[in-house]
There are 2 protein chains.
Amino acid sequence: MTEDTAKPVSRPVKKRQARGEKRMAELLDAAAEVFAEQGFAKASTNAIAAKAGASPGTLYQFFENKEAIAEALMARYVTRLREAHGEAFDLAVAELPLEAMLDRIIDPVVAFDRANPGFYALLSDPQLAPELASAKRPAQKLMFERLDKILEKKAPGLPPEKRTLTAEVAVHLFRGLLPMIMAAEEPDLPKVVKETKRALRAYLSTTLPPEPRRITGSGA
Amino acid sequence: MTEDTAKPVSRPVKKRQARGEKRMAELLDAAAEVFAEQGFAKASTNAIAAKAGASPGTLYQFFENKEAIAEALMARYVTRLREAHGEAFDLAVAELPLEAMLDRIIDPVVAFDRANPGFYALLSDPQLAPELASAKRPAQKLMFERLDKILEKKAPGLPPEKRTLTAEVAVHLFRGLLPMIMAAEEPDLPKVVKETKRALRAYLSTTLPPEPRRITGSGA
DNA sequence: TGCAAATACGAGTCATCACTCGTATTTTAG
DNA sequence: CTAAAATACGAGTGATGACTCGTATTTGCA
């Protein structure tokens, strides 16, 4: 009963070989492309397998069904997003003035979203099956909870309900601008990102306490 | 060659009877429900026909294909949206102070969107076929162009490019909050709508010239 | 009243697709 | 070296769903 392999899970836990891990990664890469192009609903599992240079049978050796593919892909995205700007680093951001803070948060997220169109495709699809919605949730929570914590540090006096609403609204505001961010051609991107920050800054500064005045000269 | 029925269109223009118009309306009502529940991709034409109390054959007597249903539905929504707050009335809104203006614009739109979940379902679906995207466009243009005109009146000095960007961003900000607006339970709605207005007001007031001071007392 | 057009039906067609299964090959453990 | 486990294949299966078509009924019009 105390063996290390004793999992009460019903899944027949196979020992994965290195080859298998690699295949899974290839399949997820392919899935990301196909989802980005077709969206989850229209994407076909056979197309994913083909793009990965695998057969349908192989695909189903690693993923129970189509949804499991999206879930695994999402999980990978969440991991990568966490890595992209590490957890510890994040809370320090609350010490910065609003404008600098937004730079630090938004730039990496924009870069990540543009580098991973499959992530955007899954995240922005409003009618995914309930199971998939739950796969989406961690990704949304990720941003929401971080902002919530940052706001808590930046405005300790704010009542929690108000703070939570603010964080939620801010995340949705950003998501609203994501289509513009994703669609922008490279040269137009800075303009769009700048406007995004302006909008968020305008909104947040109505909720946050006024910033302490900055000395224009050097701080030495 | 100058007959009133001389249309170079390839469509075999049938004479529609009153019964036919009614059927089309019923089918569009059913389609709206099914799209709202399942989304466009998962919605089945047979389900739409069944919900309308019609047969598949009847459905295809009125609509060339599934996309045509969504296009017709969108066209109907755009018409209704135009009616909801008439064109002429709209420009007068630019004379109001920002806060009152947002009340006048946002309240009807929120009411419309909540009353027509099918509209939201089509509008928020990011991967519709290209033809459908073009059916969506008028709906998006509707809000964008109106805002653009209003901004032009409210801030004549603003360079057109800047004004257009502002209008586009504002519309996207609103769309970003739509999921919250749609998901809110009736009692929570005012809170969400209020926050929506706060966000838009904050953003727009950074672009618009400062408002003339209002006299707090009565104007008499 | 009678006929042509419009409306209505729904079983059937055909393509697509998620997923399976029998089998063949490669890897790892002993 | 060998057997079991893991990986790989891809034709096949069953379900679903968009759309058709032959036919029946209703309506508008002369």
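Residues numbered from 1 in each chain as written. Chains lettered and ligands numbered in written order. Predicted model: local features only at pLDDT ≥ 70, side-chain atom pairs only at ≥ 80, totals over all residues. Heavy atoms only, no water.

Novice: Which residues make up the packing of helix H7 (residues 117–124) of chain A against helix H9 (residues 160–183) of chain A, and what values go with them?
Specialist: All names here are of chain A. Between H7 and H9, the least distance of the axes is 12 Å, while the angle of their chain directions is 140 degrees. Of the two possible hands of crossing, H7 and H9 adopt the one that is left-handed. Across from Pro 117, Tyr 120, Leu 123 and Ser 124 in H7, the residues of H9 making contact are Arg 175, Leu 178, Pro 179 and Met 182. Residues of the contact of H7 with H9, tallied by class, amount to six nonpolar, one polar and one charged. (Axes fitted to C-alpha atoms, helices over the stretch in contact; angles between N-to-C directions. Helix = DSSP H or I, 4+ residues; strand = E, 2+ residues; numbered from the N terminus. Left-handed = near helix turned anticlockwise from the far one by under 90°. Contact = heavy atoms within 4.5 Å. Nonpolar A, V, L, I, M, F, W, Y, C, P; charged D, E, K, R; others polar.)

Novice: An account of helix H1 (residues 18–42) of chain A is needed here, citing residue identities and associated values.
Specialist: Residue and element names in this part refer to chain A. The first and last C-alpha atoms of H1 sit only 31 Å apart over 25 residues, clearly below the 36 Å expected at 1.5 Å per residue. At Ala 36, H1 shows its strongest bend, of approximately 90 degrees. Restricting attention to buried positions, one finds in H1 the residues Gly 20, Met 24, Leu 27, Leu 28, Ala 30, Ala 31, Ala 32, Val 34, Phe 35, Gly 39 and Phe 40. (Expected span 1.5 Å × (residues − 1). Bend = angle between axes of the 7 residues up to and from the residue. Buried < 20%, exposed > 50% of the residue type's maximum accessible area, 1.4 Å probe, protein only.)

Novice: Give a description of the pattern of salt bridges that names residues and reports values.
Specialist: Tallied over the full model, the rule gives 28 salt bridges over all chains. Residue Lys 162 of chain B is joined to Glu 195 of chain A by a salt bridge in which the shortest nitrogen-to-oxygen separation is 3.5 Å. Of the two residues, Lys 162 of chain B sits in helix H9 (residues 160–183) while Glu 195 of chain A sits in helix H10 (residues 189–207), which places them in two different chains. Arg 201 of chain B is paired through a salt bridge with Glu 99 of chain B; the nearest N and O atoms lie 3.7 Å apart. Taken together, the residues Arg 201 of chain B in helix H10 (residues 189–207) and Glu 99 of chain B in helix H6 (residues 98–115) connect sequence positions 102 residues apart. The exposure class assigned to Arg 201 of chain B is partly exposed, which follows from its relative accessible area of 37%. Three or more residues joined by partner-sharing salt bridges are found here, namely Glu 33, Glu 37 and Lys 51 of chain A. (Salt bridge = Lys/Arg side-chain N within 4 Å of Asp/Glu carboxyl O.)

Novice: Report on the protein's contact with DNA strand C, specifying residues and quantitative values.
Specialist: Every one of the 26 residues lining DNA strand C counts as a neighbour, but Thr 45 and Lys 66 of chain A together with Lys 15, Gln 17 and Gln 61 of chain B are closest to it. For DNA strand C, the backbone portion of the atoms within 4 Å of the protein, that is sugar and phosphate, comes to 67%. Separating a phosphate oxygen of DNA strand C from a backbone N or O atom of Ser 55 of chain B is a distance of 3.2 Å. Between Gln 61 of chain B and DNA strand C, the recorded distance is 2.7 Å, taken from a side-chain N or O atom to a base nitrogen. Among the elements of the structure, helix H2 (45–51) and helix H3 (56–62) of chain A together with helix H1 (18–42) and helix H3 (56–62) of chain B are those that each provide at least two residues to the surface near DNA strand C. (Near = heavy atom within 4 Å. Polar contact = N/O pair within 3.5 Å; in protein donor to acceptor, adjacent residues only side chain to side chain.)

Novice: Lay out the environment of Ala 115 of chain A in plain terms, naming residues and giving numbers.
Specialist: Residue and element names in this part refer to chain A. In this structure, Ala 115 sits in helix H6 (residues 98–115). The exposure class assigned to Ala 115 is exposed, which follows from its relative accessible area of 56%. Remark: the alpha-carbon pair of Ala 115 and Met 182, spanning 67 residues in sequence, is separated by 9.6 Å.

Novice: Give a description of the interface of chain B and chain A that names residues and reports values.
Specialist: Taken together, the contact between chain B and chain A spans 29 residues of the former and 30 residues of the latter. The junction of chain B with chain A conceals about 2,600 Å² of combined surface from both sides, 65% of it contributed by carbon and sulfur atoms. Three residues, Gln 127, Met 180 and Glu 195 of chain B, lead the burial of chain B against chain A; their summed loss comes to 21% of the area buried on that side. Across the chain B-chain A interface, the total number found is four salt bridges. For the side of chain B that touches chain A, the secondary structure elements donating two or more residues are H1, helix H7 (117–124), H9 and H10 of chain B. For the side of chain B that touches chain A, the element with the most residues is H9 of chain B, which contributes twelve residues. Of the residues in the side of chain B that touches chain A, the class split is 13 nonpolar, nine polar and seven charged. (Buried area = accessible area lost by both parts, 1.4 Å probe.)

Novice: Provide a residue-level description of the protein's contact with DNA strand D, including the pertinent values.
Specialist: Residues in contact with DNA strand D amount to 25 residues; listed here are only the nearest, Lys 15, Gln 17 and Gln 61 of chain A together with Ala 43 and Thr 45 of chain B. A distance of 2.8 Å is found between a phosphate oxygen of DNA strand D and a backbone nitrogen or oxygen belonging to Lys 15 of chain A. Between DNA strand D and Ala 43 of chain B, the relevant distance is 2.9 Å, taken from a phosphate oxygen to a main-chain nitrogen or oxygen of the residue. If you list the elements that add at least two residues to the surface near DNA strand D, you get H1 and H3 of chain A together with helix H2 (45–51) and H3 of chain B. Considering every element that reaches the surface near DNA strand D, the biggest residue donor is H3 of chain A, with five residues.

Novice: Describe the side chain of Thr 207 of chain A, and please don't skip the residues or the numbers.
Specialist: Looking at where Thr 207 of chain A falls in the secondary structure, it is placed in helix H10. One polar contact links Thr 207 of chain A to Arg 198 of chain B, side chain to side chain, over a distance of 2.5 Å. Not counting chain neighbours up to four residues away, the residues in contact with Thr 207 of chain A comprise Leu 158 and Thr 166 of chain A together with Arg 198 of chain B.

Novice: Residue-level account of the side chain of Thr 45 of chain A, with values.
Specialist: Secondary-structure assignment places Thr 45 of chain A in helix H2. With a relative accessible area of 14%, Thr 45 of chain A lands in the buried category.

Novice: Residues and numbers for the relation of the copies chain B and chain A, please.
Specialist: Its rotation angle being 180 degrees, the transformation that places chain B on chain A also includes 0.1 Å of axial translation and leaves an RMSD of 0.1 Å. Given the turn and translation reported, the copies of this chain are related as if by a two-fold rotation axis. The rotation axis passes nearest to the C-alpha of Gly 176 of chain B in chain B, at a distance of 1.7 Å. Residue by residue, 100% of the interface of chain B is reproduced at the interface of chain A, so both copies engage with the same surface. (Least-squares fit on C-alpha atoms with pLDDT ≥ 70 in both.)

Novice: Any chance you could break down H10 of chain B for me, citing the residues and the numbers?
Specialist: Taking 1.5 Å of rise per residue, the 19 residues of H10 of chain B would be expected to cover 27 Å, and the 28 Å separating its terminal C-alpha atoms lies within 8% of that figure. Here H10 of chain B has its buried residues at Leu 189, Val 192, Val 193, Glu 195, Thr 196, Lys 197, Ala 199, Leu 200, Ala 202, Tyr 203, Leu 204 and Thr 207 of chain B.

Novice: Requested: an account of the packing of aromatic side chains, with residues and values cited.
Specialist: Enumeration according to the criterion identifies eight aromatic pairs over all chains in this entry. For the ring pair Phe 35 of chain A and Phe 40 of chain A, a centre distance of 5.4 Å and an interplane angle of 50 degrees mean the geometry is tilted. Each member of the pair, Phe 35 of chain A together with Phe 40 of chain A, is buried. An angle of 80 degrees between the planes, with centres 5.4 Å apart, marks the rings of Phe 112 of chain B and Phe 119 of chain B as edge-to-face. Look at Phe 119 of chain B and you get buried, because its relative accessible area is 3%. Through a chain of ring-to-ring contacts, three or more aromatic side chains come together here, namely Tyr 77, Phe 112 and Phe 119 of chain A. The ring of Phe 40 of chain A carries the charged tip of Lys 66 of chain A above its face, separated from the ring centre by 4.7 Å. (Phe/Tyr/Trp six-rings, centres within 6.5 Å; stacked < 30°, edge-to-face > 60°. Lys NZ or Arg CZ within 6 Å of the ring centre and 35° of its normal.)

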